[in-house]
Structures are given as C-alpha cells and as structure tokens.
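This is what each chain is made of:
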Amino acid sequence: MSFFDEKVQDLYDEVVARNPGEVEFHQAVREVFDSLGAVLVKHPHYADAGIIERLCEPERQIIFRVPWVDDTGAVRINRGFRVEFNSALGPYKGGLRFHPSVYLGVIKFLGFEQIFKNALTGLPIGGGKGGSDFDPKGRSDGEIMRFCQSFMTELYRHIGEHTDVPAGDIGVGGREIGYLFGQYKRITNRYESGVLTGKGLSWGGSQVRTEATGYGVVFFVREMLNARGQDLDGKRVVVSGSGNVALYAIEKVHQLGGRVVACSDSGGYVVDDDDGINLELLKEIKGVHRGRVSDYAEKRGAPAYFVSSGSIWDVPTDIAIPCATQNELDSDDAASLIANGCTIVAEGANMPSTPEAIKALSSSGVLFAPGKAANAGGVATSALEMQQNASRDSWSFEHTELRLAQIMRGIHENCLSTADEYGAPGDYVLGANIAGFTHVADAMLALGVI
Ligand code: NDP
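Structure report, in brief.

Criteria and cut-off values
- Residues numbered from 1 in each chain as written.
- Predicted model: local features only at pLDDT ≥ 70, side-chain atom pairs only at ≥ 80, totals over all residues.
- Heavy atoms only, no water.
- Near = heavy atom within 4 Å.
- Polar contact = N/O pair within 3.5 Å; in protein donor to acceptor, adjacent residues only side chain to side chain.
- Helix = DSSP H or I, 4+ residues; strand = E, 2+ residues; numbered from the N terminus.
- Nonpolar A, V, L, I, M, F, W, Y, C, P; charged D, E, K, R; others polar.
- Domains from an automatic or database assignment.
- Pairing = 2+ DSSP bridges.
- Axes fitted to C-alpha atoms, helices over the stretch in contact; angles between N-to-C directions.
- Expected span 1.5 Å × (residues − 1).
- Buried < 20%, exposed > 50% of the residue type's maximum accessible area, 1.4 Å probe, protein only.
- Contact = heavy atoms within 4.5 Å.
- Core = buried A, V, L, I, M, F, W, Y, C linked by side-chain atoms within 4.5 Å.

**Quick word on the site of the ligand**
Near the ligand lie 23 residues; those nearest to it are Asp 169, Thr 213, Ser 266, Arg 292 and Asn 350. The side chain of Thr 213 places a nitrogen or oxygen atom 2.7 Å from an oxygen atom of the ligand. Within the backbone of Asn 244, a nitrogen or oxygen atom sits 2.9 Å from an oxygen atom of the ligand. Among the secondary structure elements, those contributing two or more residues to the shell around the ligand are helix H9 (209–226), helix H10 (244–255) and strand S7 (259–265). When grouped by side-chain class, the residues that make up the shell around the ligand number 5 nonpolar, 12 polar and 6 charged. When we break the shell around the ligand down by domain, the ones giving at least three residues each are domain 2 (60–191) and domain 3 (212–374).

Listed below in structure tokens is the structure:
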C-alpha cells in the first residue's frame, strides 16, 4: 500500500466512524475513494487542503417531521430529509425520493454521488438530495397531495432557485412535483419556476426532462459502442425497473434499433422476447393505471411471461441497464451476465451494482459504466430546465435532446480521457470518479476554507 493509499484508507475509516450505521453512504464513499490514491500522488495539494474530509461532510443536513391526514382521517407522521452536500459549483441540485427504505444513510449516499455526477455534466450545479420514508404505493391522489403539501411546508424555507433546487427520484414524478411546486408558490407568493425541476410543460417544465435519464443512459451506451466501432442495432438489452428511468431507456433502445427483452418491478420481472417489450402497453399500465409488470404479462399474453422470483439478470442479454434501485445487481447476477455473454453494463439507477459485482464484471472484461456518469442526463436536463426558466424561454424537443446527447458524449469523452491520463484505459469508474472529483475540488480550493 502506498502512502497515499494509506492516507485514503485512514480517511475512509474516519468517515465510517463519524457516520455509524450509514452503510449505503459508506459504500458510495468507498467507491470514490478507491479511485483517489492515484489523484493524490499527482496532486498532493488536495490532501493538504482537507478537500476530501470537507467533501464527505455535508454543508447542511435538514431532518423534519411531516404530519399529514390519510383518507380515513387518521394522522400519519413521516420523516423528511434534505441533505445539502456541496455548493462549490452552483446551487445544491438533486432529487427527492419517497420510499419506505429512505433514511439518512440513503439520502447521504445519493447526495454524495450527486456532487460528482453534477460536476461531470460541466454545468453550474452543486450536489444535494432529499426525500422521505413515506410510501406512496396504494395512496390516493388526495393523500399524495396532502403529503406533498406538508413536506413542502417545511422544505420551502431551505430551497430557492439560487440556493437548492430539488427534482424527482423514486416515487416522485410529475404529479408530485406539481403538488410540491403549488405549495411552494402558495406559501411564498412567488412564481419562482427555477426552484424545482421536472415541472409540467405548461408550467415551466422542459422538453425531454421526463425522458432525460433513460435517454441519457442509452446515449452513453451508444458512445461506449461507437468508441469500439459498434452500435445498438440488433442488440438484446435487459432493463430492470419500469419507472421513469426504465421506461425511457426502453424507448430510446428501441428507437436506436436494439430490443429490450425484459423489465421488472419490485414484484418480479417480465420477459417478452418476441418483438421486445411493448412500450405503449407498458406505459399505459405503469403511467396511467399505476399497475404492475405482472399485469403487463397478463394483458400481453404468451409468449410474454412473468417471473415472481429469481433475478432479471438471468435473462440472456448483450447489454444490461439496471434502472431500479441500489444494490439490485450482486455478484451472482454478475456471474449470470458474464456466463450469458453480456458485454456492457450501464447504470441507469444510482449504485445498483454491488462492489463485488463491479469487480467481477470488470475483471471479466465487461464494460461497466457507473451511474454517476451514465445516468447524469437527468440532472443535466434539469440544469437546462433551470436555464430556460432563468431566461423565460422554452426550447424545442429536438434542440433539447441534441443538447442532452452532446452532454452525454462530453461525459463519455471526459471519463475515457481521464482514465487514459491515469493509466487505466477503458476504466469508466476511475475516469468518472477522478474527473468529477478534480472539477469540484478545484472549485473548493478557489473558494477557500468554507
Ligand atoms: P421510479 O419510482 O419511477 O421507478 C423505480 C422503479 O424501480 C419501479 O419500477 C420500482 O418498482 C422499481 N424498483 C424499486 N425497488 C425495486 C426493487 N427492490 N427490486 C426491483 N425493482 C424495484 O424511479 P426512477 O425511475 O425515477 O428511479 C430509478 C433509479 O434511477 C433510482 O436509483 C434513482 O435514484 C435513479 N435516478 C433517477 C433519476 C430521475 O431523473 N428520475 C435521475 C438519476 C438517477 P415498484 O413500483 O414495484 O417499486
């Protein structure tokens, strides 16, 4: 172990000791730290200035009570979070997640990743994340609205277009952003469009924001293939999840000539190997009826089928795009993918692959794109939404999609050239971590010890 690797190990031990029990946060930090030894050898001044310690300590963490009344009249209490992690490059930016698994460690892992992801986009946005342990599943529209209003009744005092700009994530889509924005507007008496992104098109939203994360990850995959003289045409693809990111990843794969043969939700997965997943039907079931992928298999009929146990990663594929949740692809899943000849894994979700899975994939020569690079299209388009809001302008779908594709190409090039510079050609994890880190670290150095 070199002196700098030891230094990084000491810093990691300190993070674990200072943040007990926050295992997802530890995992996200470890993943970045594993790339930093080489940076400190080249640029020891980052260590001297305490940049790494400062990066691991959020600038501000807000935890609050969210009381609301359900349809039976019973009072319910949830916990709300907003972690404002780093604002060296711009206002805090990152989504809100509503899911029962949410606690401080999940929000911190997401916020930490967001710092580097946002830096990689090259746009002026800092890193933050928030959410609640509220479970939207099975809740009526009225309950969702009352919850969102109560959540915003505390959150509004911490956010603003120059301060902190939340967006959606798991369990928070266009409907929730609408209720949150409505309550912000009511409390503040300001039509401050730039305070939230992911808004509806008729009230300040951007074209392509809904599609951006899913489209972006597929644009990234296209760059990975193009760099090796290939394209998506005729490729089999498995996409996990069937939410916002998954739906639009499926759409873009189909537009570019690939075929998505399986997708999932937390109840299981569906395989539709004939013409590939029928997106129109899936969108109707998921978007309109808020149904399950099991309903898809039932409506679609044979040869489509539903599997309630086992792993979607057992379905043979050329390309795997995990778009559901953290740690959904483990070392057994990696072994199945490798055995079935998968050549690319690109993360649409945040941290969906375990460290063991990433190790196995990389050592078997599978190209692996980490979420902080591959799924940055969502936040990048959020920044484009902020640009449009600031200039009271709205761009066409084609123009916005072109900007997204250019940003994803830029991130891909940046990852590859950084990996080359550090002697690890083709290592997207190292390239993304170092390129994101140095960008934000340089800004922190310039701003002094704050
Ligand atoms: P959605 O809530 O729209 O969809 C999440 C999907 O994942 C649902 O189909 C859900 O199924 C499924 N899912 C959740 N947990 C599990 C599980 N344990 N096993 C299998 N499936 C599961 O969220 P998004 O699509 O917005 O987000 C998905 C991922 O992408 C998250 O990691 C998020 O952080 C990341 N991301 C999202 C961005 C965005 O712009 N929305 C931007 C960048 C990253 P079910 O309905 O059964 O729960």
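**Things to note about the sheet that holds strand S11 (residues 344–346)**
Strand pairs in the sheet, formed through backbone hydrogen bonds, run parallel or antiparallel to each other. In spatial order, the strands read S9-S8-S7-S6-S10-S11-S12; together these 7 strands make up an open sheet with mixed pairing. For this open sheet the edge positions go to strand S9 (305–307) and strand S12 (367–369), each flanked by a neighbour on one side alone. Between one strand and the next, the sheet's axes are offset by a mean angle of 15°, whatever the strand orientation. The pairing of strand S8 (residues 268–271) with S9 spans 3 bridges and is classified as antiparallel. The residue bridging Tyr 269 from the neighbouring strand is Val 307, located in S9.

**Side note on the pairing of strand S2 (residues 75–86)**
Where strand S1 (residues 60–69) meets S2, 10 bridges bridge the pair, whose relative direction is antiparallel. Within S2, the position partnered with Arg 65 by the bridge is Arg 79. Linking S1 to S2, which pair antiparallel, is a turn of 5 residues; within it Gly 73 sits at a positive phi near 95°. Bridge count between S2 and strand S4 (residues 127–132): 6 bridges; the pairing is antiparallel. Each residue of the ladder has a partner; that of Glu 84, found in S4, is Gly 128.

**Some points on helix H8 (residues 174–188)**
Its 15 residues give H8 an end-to-end C-alpha distance of 21 Å, which sits within 8% of 21 Å, the value for a rise of 1.5 Å per residue. Taken residue by residue, H8 has Arg 175, Glu 176, Ile 177, Leu 180, Phe 181, Gln 183 and Tyr 184 as its buried positions. The inward-facing, buried residues of H8 contact strand S3 (92–98), helix H7 (141–155) and strand S5 (164–167). Positioned one or two residues after H8, Asn 189 has a phi angle of 60°, which is positive.

**Concerning the nonpolar core**
The biggest cluster of nonpolar side chains holds 61 residues, and the ones touching the most others in it are Phe 220, Val 239, Leu 282, Ile 321 and Ile 411. No other element matches H9, which puts 9 residues into this core. Among the domains, domain 2 (60–191) and domain 3 (212–374) are the pair contributing at least three residues each to this core. Once residues within four sequence positions are removed from consideration, Ile 321 is found in contact with Val 217, Val 218, Val 221, Val 237, Val 238, Val 239, Ser 240, Val 253, Trp 313, Ala 346 and Gly 348.

Taken by themselves, the reported measurements are silent on function.
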